[in-house]
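Now for the letters of each chain:
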Amino acid sequence: MLSVGQIVYSKCGRDKGNLFIVIGLCDEYCFIADGDLRKIETPKKKKVKHIQPTNSISELVSGRDSLKGLKDSDLKSVISSFQSKGV
């Protein structure tokens, strides 16, 4: 089960293997962004079956009622800290 703020890997497509953060959910689709290639303003709409969830959930994103005030640099820092952990 996915939740907003969860860090995921893309399993298919041009962005295969890249890390993203789920910023929205809708039926069988989720909206993902990484702050670099996919900005918060233009997230990637991706089928849930095409992503691989991790056990990490960003408190920075999941604790918000809306995405207002969230910056692309915030997403970049969350993803880089996840990668530095070596998970």
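Shown above is the structure to which this text applies.
Residues numbered from 1 in each chain as written. Predicted model: local features only at pLDDT ≥ 70, side-chain atom pairs only at ≥ 80, totals over all residues. Heavy atoms only, no water.

### Looking at the sheet that holds strand β4 (residues 44–47)
Reasoning step 1: Sheet architecture is open: five strands sit in the order β4-β3-β2-β1-β5, paired in antiparallel fashion. The open sheet has two free edges, formed respectively by β4 and β5 (51–57), since each of these has just one partner strand. Going from strand to strand, the sheet's axes swing by 45° on average, the running direction of each strand aside.
Reasoning step 2: Strand direction decides the pairing type here: strand β1 (residues 6–10) and strand β2 (residues 19–26), joined by three bridges, are antiparallel. Looking across to β2, one finds that Ile7 is bridged to Ile21.
Reasoning step 3: Its contacts with the sheet place helix α2 (residues 72–84) against β1, β2, β3 (29–33) and β5, and it is angled at close to 125° to β2. (Pairing = 2+ DSSP bridges. Helix = DSSP H or I, 4+ residues; strand = E, 2+ residues; numbered from the N terminus. Axes fitted to C-alpha atoms, helices over the stretch in contact; angles between N-to-C directions. Contact = heavy atoms within 4.5 Å.)

### Brief notes about the environment of Asn18
Reasoning step 1: Inspection of the secondary structure assignment puts Asn18 in the loop between β1 and β2.
Reasoning step 2: Note on Asn18: relative accessible area 29%, which makes it partly exposed.
Reasoning step 3: Linking Asn18 and Arg38, residues 20 residues apart in sequence, is a C-alpha distance of 11 Å.
Reasoning step 4: With sequence-adjacent residues up to four places away left out, Asn18 is seen in contact with Val8, Tyr9, Ser10 and Leu37. (Buried < 20%, exposed > 50% of the residue type's maximum accessible area, 1.4 Å probe, protein only.)

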